[in-house]
Amino acid sequence: MKKFIFASPYQKPDRFDKGIYHASGNEKLNYDTETHFPIISVINGYADENDSIEIVAVVSDYSNAKTNYKTFLDELDAIANEKNLKVKLTPVEIPYGDELDIQLEMFSKLIECTADDDELFCDITYGTKVMSQILTMAVNYGYRIHSNVTLGCMVYAAKDFNGGIMKIYDITSLNYMDEIVRMFAENKIKNPTDKIKELLK
């Protein structure tokens, strides 16, 4: 199943930017409708008409995260109706905070959401820096531990303050690069940059 994973934002709802995300390097991520959530752009690009998909949303016990999740559900309903999607919602509820126990709980709950034959998509834009790491680790674990799992797309979005443009970046290659770097390090390969570029083409 196609699974779309993200964390509900901590931003104050009245200061939470909405706009059109412009894709950098992956045209499938272009979406000509305003949204608060980069994961909506990913759903638009990768969910086909009449698909069955699952949304895995990390929702902290924090008022902003809960309110923003409700906003996400409204936007999800709109795109689901547009594409006739059958949507399974899986909220991953965690306490608010950066303590190690909370991050381990988040990781444990996320990996329970992955299974054989999944196609995984993940947005690491929102949440804390630590949460972004946990999201990445959980997706990598699900990708490696289960059978016939593919990593569809990982994204990060940001506002370009020079031009005021909201951009969405496909960072899937960085996941593969992590594994390549580990392999090169184990084999004591020095100056690996050119080899990594060649492998990621």
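Data block above holds the structure.
If you're wondering where the values come from, they're calculated on a predicted model, not measured in any experiment.

Our focus in this paragraph is the pattern of salt bridges. Across all of its chains, the model carries eight salt bridges by this definition. As a salt-bridge pair, Lys-2 and Asp-48 come within 3.4 Å of each other at their nearest N and O atoms. Taken together, the residues span a long stretch of sequence, with Lys-2 in strand β1 (residues 2-7) and Asp-48 in the loop between α1 (38-46) and β3 (52-60) at a distance of 46 residues. In this structure Lys-2 comes out as buried when scored by relative accessible area, which is 15%.

By the secondary structure assignment, Leu-76 is in helix α2 (residues 63-83). Judged by relative accessible area, which is 3%, Leu-76 ranks as buried. Linking Leu-76 and Thr-35, residues 41 residues apart in sequence, is a C-alpha distance of 9.9 Å. Once you skip the residues sitting within four places of it in the chain, Leu-76 turns out to touch Ile-40, Ile-43, Ile-55, Val-87 and Leu-89.

Among the five residues of strand β5 (residues 119-123), four are classified as buried, and the element is accordingly described as predominantly covered. Bridge count for β1 against β5 is four bridges, and the pairing is parallel. Counterpart to Ile-5 in the pairing with β5 is Cys-122. Handedness of the β5-helix α4 (residues 129-145)-strand β6 (residues 150-160) crossover: right-handed.

Moving on, we come to unusual backbone geometry. The phi torsion of most residues other than glycine is negative, and most of the peptide bonds are trans. With phi around 55°, Asn-84 is a residue other than glycine that occupies positive phi space. In this fold, Asn-84 is placed in the loop between α2 and β4 (86-94). Judged by relative accessible area, which is 44%, Asn-84 ranks as partly exposed. For Asn-148, which is not glycine, the phi torsion reads 60° and is therefore positive. Topologically, Asn-148 is positioned in the loop between α4 and β6.

The next thing to look at is the packing of helix α3 (residues 100-111) against α4. Remark: α3 packs on α4, axes separated minimally by 9 Å, with the N-to-C direction vectors making an angle of 30°. Relative to α4, the crossing made by α3 is right-handed. Mapping the contact onto sequence places Gln-103, Met-106, Phe-107, Leu-110 and Ile-111 in α3 and Val-130, Met-131, Ile-134, Leu-135, Met-137, Ala-138 and Tyr-141 in α4. Across the contact of α3 with α4, the residue classes tally to eleven nonpolar, one polar and no charged.

Parameters and conventions
- Residues numbered from 1 in each chain as written.
- Predicted model: local features only at pLDDT ≥ 70, side-chain atom pairs only at ≥ 80, totals over all residues.
- Heavy atoms only, no water.
- Salt bridge = Lys/Arg side-chain N within 4 Å of Asp/Glu carboxyl O.
- Helix = DSSP H or I, 4+ residues; strand = E, 2+ residues; numbered from the N terminus.
- Buried < 20%, exposed > 50% of the residue type's maximum accessible area, 1.4 Å probe, protein only.
- Contact = heavy atoms within 4.5 Å.
- Pairing = 2+ DSSP bridges.
- Right-handed = clockwise from strand over helix to strand, strands pointing away.
- Axes fitted to C-alpha atoms, helices over the stretch in contact; angles between N-to-C directions.
- Left-handed = near helix turned anticlockwise from the far one by under 90°.
- Nonpolar A, V, L, I, M, F, W, Y, C, P; charged D, E, K, R; others polar.

No statement about biological role is implied by the geometric values presented.
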